[in-house]
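Spelled out, the chains give:
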Amino acid sequence: MIYLNCHTWYSLRYGTFSVEKLCELAREFKVESLAITDINNTSACLNFIKIASEYDVKPIVGIDFRNGADQQYIGLAKNNEGFRQLNEHLSQQLHLKKDFKPEAPELPDCIIIYPFEKVVANKKTNFRKNEFIGISVESLRKLKFSKYLEFKDRLVLQQSVSFRNKRDYNAHRLLRAIDNNVLLSQLPENEQGSFSHQMISSEIITSEFEDFSYILENTQELVNACRVDFKFGKTQNRNLLVSGDSPEADVARLRKLCDENLPKRYPKLETEVLERVEKELNAIIKLGFVSYFLINYDIVSYARSQNFPFIGRGSGANSIIAYIIGITNVDPVELDLYFERFINESRSSPPDFDIDFSWKDRNEVTRFIFDKYEFTALMGTYVTFKRRAVARELGKVFGLPKENIDKLSAGFFSVNELDQLEKLVLRYSALIEGFPNYLSVHSGGILILNDSVYNYAATFLPPKGFETIQIDMNIAEEVGIHKFDILAQRGLSKITDAIEIIKENQPEAEIEDIENIAVFKEDPQINELLKTGDCMGVFYVESPAMRGLLTKLQTDNYLNLVAASSIIRPGISSGGMKEEYIKRHRDPKRRKQGHPVMLEIMGDTYGIMVYQEDVMKVAHKFAGLSFEDADVLRRGMSGKKTAKGQMERIEANFRENCKQKGYNKNIIDEVWEQISSFAGYAFPKGHSASYAVESYQSLYLKKYFPLEFMVAALNNGGGFYDVETYIQEIRKCGGKVHPPCINKSDHPNSIFGKDIYLGLGYIKELETKTVQQILENRQFFGVFKSFDDFIDRVSISIEQLSILLKIDAFRFTQTDKHHLLWKAHFKLNASKPVATQEKLFNTAHRDFELPQFQYSALIEAFDQMELLGFPLCSHFKLLKNPIEKSVRAKDLKNYVGKEILIYGALITAKKTGTSNGKYMYFGTFFDAEGDVFDTVQFPATAEKYPLRSKGIYKCYGRVNNELDYISISIQWLQRQDTLTDPRLVGYQFSSS
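Treat the numbers as computed from the prediction; the structure is a model and nothing was measured.

Visitor: It is not clear to me how the overall build of the protein chain should be interpreted in this structure. Could you clarify?
Guide: From N to C terminus, the protein chain includes 39 helices and 23 strands. Taken over C-alpha atoms, the radius of gyration comes to 34 Å for the protein chain, in line with the 30 Å a tight globule of 992 residues would show. With respect to the principal axes defined by its C-alpha atoms, the protein chain has extents near 100 × 85 × 65 Å. Looking at the protein chain residue by residue over its 992 residues, the buried ones come to 54%. Look at the contacts in the protein chain between residues 6 or more apart in sequence, and 69% of them connect residues 24 or more apart. Carbon and sulfur atoms make up 49% of the accessible area of the protein chain, which totals about 45200 Å². A distance of 4 Å separates the average location of the 126 positive side-chain charges in the protein chain from that of its 131 negative side-chain charges.

Now the structure itself:
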């Protein structure tokens, strides 16, 4: 039996099962040939071709071309060229966002099948050689009385398959209702498939087509003509030609780059360096990774030419070649990084280069790649349905009230209390959870191929305008397509922006070359920031957990920071190795407790596995595995794919080798458990080192130019904390923060000496076009001289002007904002449309006698909270009740072991589960003086006093000192009431 129109769940918001489930269904019905033709999508095709033989099914691939739910025709690929033609045709339409025409274009290597109903509706009578009419069991009855019965050689079987049963059909209807944003009861018939679109037995098909056996024969002939092949496991984009017409030219170029740059990286050439260079070059050439290096080199060279900052990290940082030619800035010799972690003969995929660019620059870098290389696309990724989101969508589809939907989505309910509709929502939420919802763009993956992208899948065009392939990285890896990782982060733009701000705000200041990391590493004042955890705003080391770790480790040098960057990862923490590392670091005597062999292998980390490379070190030196097997072990433990049976073989070798070395079973089990719990979460050492370099650059700026650095941090979206926390840090550094100002503020934040003006972009509900108009006018005609001058020059609605007045953006006029708001209403006619034409002459303004308004700092604070999200005064000034006698954060060290009372404004809280199913809270607060302190709530107090919302808390607990890290174990806490919003009772006037 043959089915030529089958849908998987990659027919987004239509299909209801995976490729594997479709194949299982085919095997159950003894189907010989099957065509996956997802709706405007070819995501499933490569995986289907790969696995179909396991189910004794001949795979045919194609596309169901539809305008919405309206089927136009089906395209099947006769061969690989036909698959390319289908993908290209689909991509062109998706890029243009145009409907498909009723007639397919000429696609010579494809088979086109028009559904019978469409043929009749369009009165089509002219068919190309490769065009056919699809007849289902239902349409067969109509065919008997149709003139198309005469087109015997054009008729083929087209029984659609979208569902397995009634449950699938119900899920399909729900998906269609979600897609159309309508109630299920209002879903139009033409927006859903027919319940009959299921597989039926060959006996029924044969019986139905008994008088039309030629249709089945035509279908078999059509299937015989189709064959698409892919060599799975073969690397499709290795050995790209970058420098010329031959691989030899690329090899010569890579060697030349190494020769030119080697003296720059290693002025004193040592034998160890030269031997490693030659060893790596030989492996890179042998395994066909030359072009991979050259392409990454071209990318970073372009970035340098544009002064774009970047960080090369990932396992590529283990390569001396990458370091020499400038892809990374991590010296693998200095850090004893394993070459085999980076590349070895057991590794078929290219080494991992993750290159971070500023979020502002990545689009330009991506554009360069698309312009330079012919066959390029961004990697796609699928966003799947999450249960809570599905529950919310299905609640809408069933017409549930909002409060019921919120209850189901949040999970705060008892099943026994739910009605039938609510239970139905939960049942289908569980079914739909995990279905692909929509196609998106991978966070950084870019494909650069030897041949057309359309050989593998179709592409779509997201808003940024770069073609994006319809397959994700898992499917791409299966077929041997390897991606380049071009990532974006905000830490780099903090650094470059800070330097520009320093040049403007302190033109006389001498700024150290930001690439001169060696100077930063040796600066005791910078290292003191690390040691005390004073890292707010600094990339990767500003979180409460990281600040605590740095303090406990008394981190005061680069190598310790590199270790800390990996120790913070969950694999090390969960195994208890983080605590043991801290203790051994602080107490040299404790280091002797480590196993002698482990101490010898990992002397720099006191015999404790800290980096991914340590798995390889232990496997090679402790258990005697080869470096190649050691890396396979690391990859397998990290969740990466390995050959079938490979991990079992390596574990057996590991245990046998350890046994022969004389280790007892307990030691062998303990080491193996450490590897198992650790490998999947640890960083490569080179990765940690790359992060540490960027952290040092930020630390330098924070130490010597704190205000400019914090402004740059805010202008790049902050980081771990919210805006208010960074503003508090600015105050702590001696800065004065002002509300937005018409004459001083830009769209982002601005700094003048020690005065920081919040950007106009922070003001809620202030339209972007209003901000642009103000800034453009100010740029061309200078600052605004008065309120009347502003009204004359800027065309603005009374609503937008009221927002600016409410935030006191006209305080330069030294007139009360309430007074100006009344004047604005008199001067602007709110009902009159805004004029777009320039006035030839400004009319004279009338002034009005108004009562004297009473200024209220409290009203000011509540206006700021409404428009900015936070007040610019201290939260502590808004408390309803006075603060009792209490301790300040800076004095906590004097109360270790004692119970104290302290007031704190909550910055952030982390809820962490415990092994017995309960949870703890880790809170971070700042006190009335702006100093930060940390708290911990164990399960008993966490349940009784949860930290669920921002505000000021009265905290009572015991002060702890754990290796110089001060925290408070909370016994109870109480959220404090704030003053009532005075605006709710109206403004008060005072006569003058």
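Alright, that's what it looks like, and here's the rest.
Visitor: What's the story with the packing of aromatic side chains in this structure? I'm lost.
Guide: Geometry of an aromatic ring pair is reported as the spacing of the ring centres plus the angle between the planes. Summed over the entire model, instances satisfying the criterion amount to 43 aromatic pairs. The interplanar angle of 40° and the centroid separation of 5.1 Å between the aromatic rings of F65 and Y73 together place this pair among those described as tilted. On the basis of relative accessibility, which here comes to 0%, the residue F65 falls in the buried class. Taken together, the ring pairs connect F784, F787, F790, F810 and F812 into an aromatic cluster. Cation over ring: R154 sits above F132, and NZ or CZ is 4.6 Å from the ring centre. A cation over an aromatic ring shows up here: K521 above the ring of Y558, its NZ or CZ 3.7 Å from the ring centre.

Visitor: Explain the side chain of N455 here, please?
Guide: Looking at the element boundaries, N455 is found in the loop between strand 12 (436–448) and strand 13 (459–460). Of note is the side chain of N455, whose polar atom sits 3.4 Å from the side chain of D451.

Visitor: Can you help me understand the pairing of strand 3 (residues 58–67) in this one?
Guide: Looking along a regular strand, one sees the side chains alternate between the two faces of the sheet. Within strand 3, nine of the ten residues are buried, which leaves it mostly tucked inside the rest of the structure. As paired elements, strand 2 (residues 33–39) and strand 3 share seven bridges and run parallel to each other. Residue pairing across strands places S33 opposite K58, the latter belonging to strand 3. As for the winding sense of the linkage, the β-α-β connection from strand 2 through helix 2 (residues 45–51) to strand 3 is right-handed. With six bridges connecting them, strand 3 and strand 4 (residues 70–77) associate as antiparallel partners. Of the residues in strand 4, the one forming a bridge with R66 is Q71. Between strand 3 and strand 4, which pair antiparallel and follow one another directly, the connecting turn spans two residues, one of which, G68, has a positive phi of 70°.

Visitor: How do you make sense of the nonpolar core when you look at a structure like this?
Guide: Counting residues in hydrophobic clusters, the biggest one holds 94 residues, and the most contacted among them are L701, I763, F790, L801, L804 and F810. The element contributing the most residues to this core is helix 31 (residues 685–704), with seven residues. Those residues in contact with F790 that lie beyond four places of it in its chain are I742, I774, F784, I796, L801, L804 and F810. Core analysis: the next-biggest nonpolar cluster, separate from the first, contains 73 residues, F127, Y148, M199 and F209 among them.

Visitor: Can you walk me through the confidence of the model for the protein chain in this structure?
Guide: Predicted coordinates in areas of low pLDDT are best not read in detail. Per-chain confidence: the protein chain averages 89 in pLDDT, with 92% of residues scoring 70 or above. Counting interchain partners and residues more than four positions distant, the pLDDT-below-50 stretch residues 830–837 has five contacts.

Visitor: In this structure, what is going on with the packing of helix 36 (residues 798–806) against helix 37 (residues 817–827)? I would like to understand it.
Guide: Helices that pack against each other are described as a pair by the angle of their axes relative to one another and the distance between those axes. The geometry of helix 36 relative to helix 37 is characterised by a closest axis approach of 9 Å and an angle of 170° between their N-to-C directions. It follows from the interaxial angle that helix 36 and helix 37 lie roughly antiparallel. Between helix 36 and helix 37, the contacting residues are I798, L801, S802, L805 and K806 on the first element and K817, L820, L821, A824 and H825 on the second. Class assignment for the residues of the contact of helix 36 with helix 37 results in six nonpolar, two polar and two charged.

Visitor: What's the story with the sheet that holds strand 17 (residues 750–752) in this structure? I'm lost.
Guide: Backbone-to-backbone hydrogen bonds pair the strands of a sheet. The strands run either parallel or antiparallel. Spatially, three strands are ordered 16-18-17 in an open sheet, and the strand pairing comes out mixed. Every other strand in the sheet has two partners, leaving strand 16 (736–738) and strand 17 as the edge strands with one partner each. In this sheet, adjacent strand axes meet at a mean angle of 25° when their direction is disregarded. As paired strands, strand 17 and strand 18 (residues 755–757) are joined by three bridges and run antiparallel to one another. Counted as the bridge partner of I751 is I756 from strand 18.

Visitor: Explain the packing of helix 6 (residues 166–180) against helix 17 (residues 420–432) to me, please; I cannot follow it from the model alone.
Guide: As a packed pair, helix 6 and helix 17 sit with axes 11 Å apart at the nearest point and diverge in direction by 90°. In terms of orientation, helix 6 and helix 17 fall into the roughly perpendicular class. Of the residues in helix 17, those in contact with R167, N170, A171, L174 and L175 of helix 6 are Y428, L431 and I432. Split by residue class, the contact of helix 6 with helix 17 holds six nonpolar, one polar and one charged.

Visitor: Could you clarify how one ought to interpret the sheet that holds strand 20 (residues 919–926) in this entry?
Guide: Strand order in the closed barrel formed by five strands is 19-20-21-23-22, with mixed pairing between adjacent strands. Across the sheet, the axes of successive neighbouring strands diverge by a mean angle of 50°, strand direction being ignored. Here strand 19 (residues 899–913) runs beside strand 20; their pairing, made up of eight bridges, is antiparallel. Considered in strand 20, the bridge of A909 is made with G923.

Visitor: Before we go on, may I ask you to explain the state of the cysteines in this structure?
Guide: Such a bond, covalent and formed between the sulfur atoms of two cysteines, is termed a disulfide. Taken as a whole, this structure holds zero disulfides when the rule is applied. Note on C226: no disulfide assigned, nearest cysteine sulfur contributed by C110 at a separation of 9.2 Å.

Visitor: Can you walk me through helix 23 (residues 558–567) in this structure?
Guide: For an α-helix, the turn length of 3.6 residues means that residues three or four places apart are oriented alike. Across the ten residues of helix 23, nine count as buried, placing the element largely inside the fold. Capping of helix 23 at its N-terminal end is provided by N557; its side-chain oxygen lies 3.2 Å from the backbone amide nitrogen of L559.

Visitor: When you look at the pattern of salt bridges in this model, what are you seeing that I'm missing?
Guide: Tallied over the full model, the rule gives 53 salt bridges. We note a salt bridge from D64 to R66, for which the minimum N-O separation is 3.0 Å. Look at D64 and you get buried, because its relative accessible area is 0%. E81 is the salt-bridge partner of R84, the closest N and O atoms lying 2.8 Å from each other. With R84 and E81 both in helix 3 (residues 80–96) and three residues apart, this pair spans about one turn of that helix. For E81, a relative accessible area of 33% puts it in the partly exposed group. Within this structure, K806, K817, E860, D863, E866, D981 and R983 form a network of salt bridges that share partners.

Cut-offs applied
- Each residue is numbered by its place in its chain's sequence as written, counting from 1.
- pLDDT decides what is reported in this predicted model: residues at 70 or higher carry local features, side-chain atom pairs at 80 or more are listed and counted, and totals for whole chains, interfaces and linings draw on all residues regardless.
- For the side-chain quantities, the full set of heavy atoms in the structure was used; hydrogens and water were omitted.
- Only DSSP runs of H or I reaching four residues or more are called helices, and only runs of E reaching two or more are called strands; each is numbered from the N terminus.
- Throughout, radius of gyration means the C-alpha value; the globule benchmark is 2.2 Å times the number of residues raised to the power 0.38.
- Relative accessibility under 20% of the residue-type maximum defines a buried residue, over 50% an exposed one, and the middle range a partly exposed one, all with a 1.4 Å probe and only protein chains included.
- Every residue pair with non-hydrogen atoms within 4.5 Å of one another is taken to be in contact.
- Per-residue accessibility takes into account occlusion by the displayed protein chains alone, with areas from the Shrake-Rupley method and a 1.4 Å probe.
- The convention is simple: Lys and Arg are positive, Asp and Glu are negative, and His and the chain ends are not counted.
- Charge positions come from single atoms, namely NZ of Lys, CZ of Arg, CG of Asp or CD of Glu.
- Note on aromatic pairs: the rings of Phe, Tyr and Trp (six-membered ring only in Trp) are paired at centre separations within 6.5 Å, and the planes decide the class, stacked below 30 degrees, edge-to-face beyond 60, tilted for the rest.
- Here, a charge over a ring means that NZ of Lys or CZ of Arg falls within 6 Å of the ring centre while also lying within 35 degrees of the ring normal.
- Pairs of N or O atoms within 3.5 Å make up the polar contacts considered here, provided that, within protein, one atom can donate a hydrogen while the other can accept it, and that residues adjacent in sequence are counted only when both atoms are side-chain atoms.
- Think of it this way: DSSP has to see at least two bridges between two strands before they count as a pair.
- Call a crossover right-handed when, viewed with both strands pointing away from you, the route from the first strand across the helix to the second goes clockwise.
- Joining through side-chain atoms within 4.5 Å is the link that ties buried Ala, Val, Leu, Ile, Met, Phe, Trp, Tyr and Cys residues into a set, and such a set is a nonpolar core.
- The quantity called pLDDT is the predictor's confidence in a given residue, expressed from 0 to 100.
- Helix axes are fitted to C-alpha atoms over the stretch in contact, other axes to C-alpha atoms as well, and angles between N-to-C directions run from 0 to 180 degrees.
- Angles are sorted into four bins: roughly parallel if under 35 degrees, roughly antiparallel if over 145, roughly perpendicular if 65 to 115, and oblique for all others.
- Under the grouping applied here, Gly and all other residues not named as nonpolar or charged are polar, the nonpolar ones being Ala, Val, Leu, Ile, Met, Phe, Trp, Tyr, Cys and Pro and the charged ones Asp, Glu, Lys and Arg.
- To count as a disulfide, a pair of cysteine sulfur atoms needs to be within 2.5 Å.
- Salt bridges, as used here, are contacts in which a Lys or Arg side-chain nitrogen is within 4 Å of a carboxyl oxygen on Asp or Glu.

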